[in-house]
Amino acid sequence: MSNQCYYVTTPIYYVNAEPHIGHTYTTVVADILKKYHQIKGEKTFFLTGTDEHGLKIEQAAQKTNKTPKEFCDEIAAKYKDVWQKLGLDYDGFIRTTDLQHEECVKIVLQKLYDKGYIYKNKYEGLYCVGCEKYLTVDDLVDGLCPDHKTKPELLAEENYFFKLSAFQEKLLKLLESGELTILPDFRRNEVLGKLKLGLEDISISRSQLKWGVKLPFDETQVAYVWVDALINYLSGIGFNGDEKLFNEIWPADMQILGKDILWFHCIIWPAMLLAVELPLPKALFVHGFFTVNNQKISKTLGNVVDPVSLSEEFGTDVIRYFMLREATFGLDYDFSIEAIKRRLNTDLANDLGNLLNRSVSMANKYFEGKIVKKEDGELLDKEIALQAKEVKKEYIEFMDKLAFRQALESIWKLVVRLNRYVEETAPWKLSKEGNTERLAIVMYNLIEGLRHIAILIYPIMPQTAQNIWAQLGLKDEVKNQNLNNLTWGQLEETTVAKGDPLFKKSE
Ligand code: MSP
């Protein structure tokens, strides 16, 4: 079974927090992957949403004197608003309080129940509301949850359990054979190591909670928030129990998540899919955390960075570039405004902005903007064409591995090379000497190089790419180009149109 659509997901965000730079990182990456696969000519679907059930959210609503639904409506709208302001182009936004999602959760749970993977049992344990999970005594530090610094509650209830242990062998095989891909490699090893220690069955329902999806086979209990939430990846693309309907999109090609929720996604989620006999996602990528002053981002610490004000100050493309160029995707990264400014002033304004500005200005000055393809060039010109070809190849290899930093470094090789080409060929001298023939070749190469750069940076900096495209006077839009077909010398002729500088330096 193969899907015909590149399907990428973010986790769905808890509505008891507001969108910050960490959530933005995950969502931006999904948006980049969508755009990358689009310029490779593929159909795509990008799903995100909000996680709205559970005790944490019930309690957060109570504090603000709102019903849980009113509370969720407000924050879900806020998430949508922020993503829209940041230009994040999702195709589906699933809320776990959507009726269609709740029905889907019931279908999946009923299937698990009918197949004998769910049973009832007594449970007693230490429950952390912050984590929405039971902790073991070993997890605690000085009697407190290490993440939330709160004392877990002793809960005893009769719950339904999912036979997670039944999938240990199967999961081991899938992970070891690479059929289930977890990236980066060190995360796969982490999961494998823990898996080898054994799997225990997990409780998948709560008897004392009201704010959740009622179990279809026992309406006195609601589904555990994590089981409910994971099913969003199916409900968000219209799963209603009939596999045929949603096969064009499922399985997911890439599920993006942060390192804190690795176990749920890499073990519990695949086990649930195996149990209901649905194909597994093709790959899961576990990324690192953005910290501020090397501390976790949190409201209580007062170090939340608002993505909207950042993008108002610097521009969304600058923030996207900064995030992907500075942090190595997969590892943690300590956020700072200084790093944004450094990237903006050097890579963006000095290198890329300047290259476009001087190329378009010279094209105007020497040829009234009109650039025409020239066949014969010197060795130096062939070197530029070869470099563009190599950069494209490298870029694709890196983007396919989600190695965004390296992909950008690769594009910048061409940016830097073209700036050097300007110095080497000195068009102003050629003009003075009246060497129009050579000057025309040099100008063509600069414009053709910039056309390559526009297409390559499009997934990461869509507005900048279109801005370059327009200043080069190219037809159609950059987003409609096909990366696979991109080759040197395709440009026949164009008339450039100078616009505003791409970037404003920051002091
Ligand atoms: N609701 C669950 C996910 C359920 S998916 C079936 C959840 N929500 S969350 O809002 O807490 O986190 C959502 C995503 O944001 C996670 O992938 C998490 O790792 C990521 N991030 C939250 N803070 C982050 C940083 N400071 N840095 C990078 N990513 C971070 O977990």
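Anyway, here's the lowdown on the structure attached to this text. Note that the structure is predicted; figures quoted are calculated from it, not measured. (Residues numbered from 1 in each chain as written. Predicted model: local features only at pLDDT ≥ 70, side-chain atom pairs only at ≥ 80, totals over all residues. Heavy atoms only, no water.)

### Here's the deal with the overall build of the chain
Item 1. Along the chain, the regular secondary structure elements total 18 helices and 19 strands.
Item 2. Since a compact globule built from 507 residues should have a radius of gyration of about 23 Å, the 26 Å found for the chain is in line with a globular shape.
Item 3. Seen through its C-alpha atoms, the chain measures out along the principal axes to roughly 90 × 50 × 40 Å.
Item 4. Residues classed as buried in the chain amount to 58% of the 507 residues present.
Item 5. At a minimum sequence separation of 6, the contacts of the chain that also span at least 24 residues come to 77%.
Item 6. Taken as a whole, the chain presents about 22100 Å² of accessible surface, with 49% of it coming from carbon and sulfur. (Helix = DSSP H or I, 4+ residues; strand = E, 2+ residues; numbered from the N terminus. Rg over C-alpha atoms; globule rule 2.2 N^0.38 Å. Buried < 20%, exposed > 50% of the residue type's maximum accessible area, 1.4 Å probe, protein only. Contact = heavy atoms within 4.5 Å. Areas by Shrake-Rupley, 256 points an atom, 1.4 Å probe, with all protein chains shown as cover.)

### A word on the pairing of strand 5 (residues 118–128)
A regular strand places its side chains on the two faces of the sheet in alternate fashion.
Item 1. Across 10 bridges, the pairing between strand 5 and strand 7 (residues 153–162) is antiparallel. Its bridge partner being in strand 7, Glu124 is matched across the sheet by Ala156.
Item 2. The sheet contact formed by strand 5 and strand 6 (residues 133–135) spans three bridges and is antiparallel. Across the sheet, Tyr127 pairs through a bridge with Tyr134, a residue of strand 6.
Item 3. Count of turn residues in the strand 5/strand 6 antiparallel hairpin: four residues, of which Glu132 carries a positive phi of about 55°. (Pairing = 2+ DSSP bridges.)

### A word on the pattern of salt bridges
Item 1. If you walk through the whole model with that rule in mind, you get 34 salt bridges.
Item 2. Note that Lys393 is salt-bridged to Glu397, the shortest N-O span being 3.7 Å. Taken as a pair, Lys393 and Glu397 lie in helix 14 (residues 379–400) at a separation of four residues, close to a single helical turn.
Item 3. A relative accessible area of 56% places Lys393 in the exposed class.
Item 4. Taken together, the salt bridges that share partners define one network made up of Glu52, Lys69, Asp73 and Arg95. (Salt bridge = Lys/Arg side-chain N within 4 Å of Asp/Glu carboxyl O.)

### Examining the side chain of Asp31
Item 1. Along the polypeptide, Asp31 turns up in helix 1 (residues 21–39).
Item 2. For Asp31, a relative accessible area of 0% translates into the label buried.
Item 3. If sequence neighbours within four positions are ignored, Asp31 has contacts with Phe46, Gly87, Leu88, Asp89 and Arg320.

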